[in-house]
Amino acid sequence: MIKKMMHGNEACAYGAIIAGCRFFAGYPITPSSEIAEELAVLLPQVEGKFIQMEDEIASMAAILGASLNGIKSLTATSGPGFSLKQENIGYACQTEIPCVIVNVQRGGPSTGSPTMPSQEDFMQSRWGTHGDHFIVVLSPSSVQETFDLTVKSFNISEKYRTPVILLMDEIVGHMTEKMILPEPGEIEIIDRKKPSVKPEDFRPYENTEDGVPPMAAFGSGYRHHVTGLMHDETGFPTNNSEIIQKQKDRWKKKFDLARDTVVFTELTDAEDMEYLVFSYGSSARCTRKAVKIARENGLKVGSMKALTLWPFPGKELEKVSRGLKGIVVAEMNMGQAIREVERAVGKNVKVLGANRYDGESMHPDDILSVIEKF
Amino acid sequence: MSFRYEIRLSGAGGQGLILIGKILAEAAAIFADLNATQSQSYGPESRGGASRSEVIISDEDIDYPKAGNVDFLLAMTQEAFDKYGEMTKNGGIVVYDMEMVHTPRQLEGVRVFPAQITELAIKEFSKPIVANMVALGIVINLSNILGIETVKEAIKSRVPKGTEEINLKAFDLGYEKGKELQGL
């Protein structure tokens, strides 16, 4: 166990190394660049490879290639780069290639506010690429959580053969605070399932019981075809609607089975609460402060922090929302997660947004003034 | 009784304010066993443009990492002084660089110290780049929030290799300057 002073982007790089990441491809962009900088130093020390590509599209493609070779891979970016990566993120969903994509959010759209905090990519992280697909999105609120969730992102991506988005924000990325770096062996690391059948019997998109087909690395003797077209169990393209439906139903089965193992939330001050503040990322830090002040003023307020944004923790929220006088959704955008919260709790509880989108971080007063409105 | 001490280091990009913020936070959290967060706000330019580094030091977990009730303001430009001077809390301390702040406004309820920061760095070391260390010395002396040795440990661990000596000397000079200011 080592005590270290780090910023969130550094913690992400360390988390990746501990998780077993041995390839990074990216293109520098504020406020994510320090992840690339750190990994350019750390990866060669563990015989990993670092490459700065010509752009974000190519770097996303590069990590998919590396992952197909059996190497855990990472890319990191911010808003404009995240938009560019979407096409290949869809390819990763279609072909079920494990990989981790970090988006350290800045204000948008377009070039937006490069150095300013925001949480405007909540919806894009889920629906940025076209077509029906599933994806897991995690979001840290501290340096320690950034480390922990980076490791979890890799574990989830490997276990379920899926891209995972780590949705950070500028505050968490650039904030320096103390974190505990665990010793190797103190932390669970998951590697993807490999095929146990003979190479000629290998079906890379087999409908297994858990919905996760084993994955063979290129060059390991298992030949297989990878395409962005809808494909059958062998990986070759198909127009057979029965097979297309079967493949998509398997994706759904896979994520339905995974759902409860990838959704993390933290509930505080909930025993007697009449109001709940729901938040994520750096807004959750502000929420804790706001709850403390509200309680000092005699208001019974609790909070839920979502560490997993997608699948959305609607079930968890619904369970604690019964009988509440109101829910505040605190986020640094014009109101994105609030739609999911409303969907989860229905019409029984009044839901209001505490929104900040001027490039400054959320302030406790932004939340307290909304609680007063109930 | 728990405490929370907020330091705002403000000026322009390139003045090294983010670095001394990280040094303060590391001195508190690693070498003095307190809790600390350092966060920052800056523009897209690599030099120039407003830059702000905020350090929260506490003996408790730090929930909200941004400054809301500033105990200590260091203003290294006129713009920083004008923008943040009045946001310093009652009984707080404001130090400004006389080289950079020419028309300091009257501030109520705070102790204001004009200091030669950039000027000293140039005069003593011929290097304006160590002005941040001079400023750090003054901050440590006047705030009395951290021990001088813990800060020196943090300086050694954070500044580029080979520059420890000059940075520590500049820090010492600032610390002495702080004593002088206290006597005013």
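That block above? That's the structure.
Note that the coordinates shown come from a computational prediction; the quantities given were computed from them, not determined experimentally. Starting afresh in each chain, residues are numbered from 1 along the sequence in its written order. Labels are handed out in written order, letters beginning with A for the chains and numbers beginning with 1 for the ligands. Side-chain atom pairs in this predicted model are given and counted only at pLDDT of 80 or more, local residue features only at pLDDT of at least 70, and totals for whole chains, interfaces and linings cover all residues.

Moving on: the overall build of chain A. Here a strand is any run of E in DSSP of at least two residues, a helix any run of H or I of at least four, and the numbering for each starts at the N terminus. Assigned secondary structure in chain A consists of 12 helices and 14 strands. Taking 21 Å as the expected radius of gyration for a compact globule of 374 residues, we find that chain A reaches 21 Å, a close match to that expectation. When the backbone C-alpha atoms are referred to their principal axes, chain A occupies close to 70 × 45 × 40 Å. We call a residue exposed when 12 or fewer other C-beta atoms sit within 10 Å of its C-beta, buried when the count reaches 20 or more, and partly exposed for counts in between; the C-beta positions come from the backbone. Looking at the 374 residues of chain A, the share that counts as buried comes to 52%. Atoms considered for the radius of gyration are the C-alpha atoms alone. The globule rule reads 2.2 Å times the number of residues to the power 0.38.

Residue and element names in this part refer to chain A. In terms of burial, strand E4 (residues 73-77) is a largely internal element, five of the five residues being buried. Taken together, the four bridges between E4 and strand E5 (residues 99-105) define a ladder with parallel strand orientation. Across the sheet, Thr77 pairs through a bridge with Asn103, a residue of E5. Every crossover in which the path from the first strand over the helix to the second runs clockwise, viewed with the strands pointing away from the viewer, is termed right-handed. Handedness of the crossover joining E4 and E5 through helix H4 (residues 79-95): right-handed. In this description, strands pair whenever DSSP reports at least two bridges between them.

This paragraph deals with the interface of chain B and chain A. By the convention adopted here, residues are in contact when the distance between their C-beta atoms, placed from the backbone, does not exceed 7 Å. Contacts between the two partners involve 18 residues from chain B, matched on the other side by 17 residues from chain A. Secondary structure elements with two or more residues in the side of chain B that touches chain A: helix H1 (17-31) and strand E2 (35-42) of chain B. The element best represented in the side of chain B that touches chain A is E2 of chain B, accounting for seven residues. Under the convention adopted here, Pro, Cys and the residues Ala, Val, Leu, Ile, Met, Phe, Trp and Tyr are nonpolar, Asp, Glu, Lys and Arg are charged, and Gly plus all remaining residues are polar. Along the lines of polarity and charge, the residues of the side of chain B that touches chain A split into eight nonpolar, six polar and four charged. As paired elements, strand E8 (residues 176-181) of chain A and E2 of chain B share two bridges and run antiparallel to each other. Paired with Glu177 of chain A across the two strands is Thr37 of chain B, which belongs to E2 of chain B.

Take the nonpolar core next. As used here, a nonpolar core is made of buried Ala, Val, Leu, Ile, Met, Phe, Trp, Tyr and Cys residues. They are joined through C-beta atoms within 7 Å. In terms of nonpolar packing, the biggest core is built from 154 residues, with Val102, Val328, Val341 and Ile367 of chain A together with Val134 and Ala135 of chain B touching the most fellow members. Among the elements that make up this core, the one with the highest residue count is H1 of chain B (10 residues). Val134 of chain B has contacts with Ile117, Leu120, Ala121, Ala170, Leu173, Gly174 and Lys177 of chain B, leaving out every residue within four places of it along the chain.

Glancing now at the sheet that holds E4 of chain A. Residues and elements named next belong to chain A. Taken together, seven strands build an open sheet; the order of strands is E3-E2-E4-E5-E7-E6-E12 and the sheet is mixed. In this open sheet, the two strands that pair with only one neighbour each are strand E3 (49-52) and strand E12 (308-310). Sheet twist, expressed as the average angle between the axes of neighbouring strands with direction ignored, equals 20°. Contacts from helix H3 (residues 56-68) reach strand E2 (23-26), E3, E4 and E5, with the element oriented near 165° to E4. Axis lines are fitted to C-alpha atoms, over the contacting stretch for helices. Their N-to-C directions set the angle, which ranges from 0 to 180 degrees.

Helix packing for two helices is described by the angle between their axes and how far apart those axes are. All names here are of chain B. Packing of H1 against helix H4 (residues 131-143) leaves a shortest axis separation of 9 Å and a crossing angle of 40°. Accordingly, the angle class assigned to the pair H1 and H4 is oblique. As H1 packs across H4, the resulting crossing turns out to be right-handed. In contact with Leu17, Leu19, Ile20 and Ile23 of H1, H4 contributes Asn132, Ala135 and Leu136. Counted by class, the contact of H1 with H4 contains six nonpolar, one polar and no charged residues. Our angle categories are set so that under 35 degrees counts as roughly parallel, over 145 as roughly antiparallel, 65 to 115 as roughly perpendicular, and the remainder as oblique. For any helix crossing, the convention is left-handed if the near helix is rotated counterclockwise from the far helix by under a right angle, and right-handed if that rotation is clockwise.

Here we take up unusual backbone geometry. Generally, phi is negative for residues other than glycine and the peptide bonds are trans, each holding for most cases. With an omega dihedral of 0°, the bond running from Thr30 of chain A to Pro31 of chain A counts as a cis peptide bond. Mapped onto the elements of the fold, Pro31 of chain A is located in the loop between E2 and helix H2 (33-45). Going from Trp310 of chain A to Pro311 of chain A, the amide bond is cis rather than trans, its omega being 0°. Here Pro311 of chain A is to be found in the loop between E12 and helix H10 (314-321). Of note, Arg161 of chain A is a non-glycine position whose phi angle comes to about 50°, a positive value. Turning to its location among the elements, Arg161 of chain A is positioned in the loop between helix H6 (143-160) and strand E7 (163-169). For Arg161 of chain A, a count of 23 C-beta atoms within 10 Å corresponds to the buried category. Positive phi, close to 60°, is recorded for Asp33 of chain B, a residue that is not glycine.

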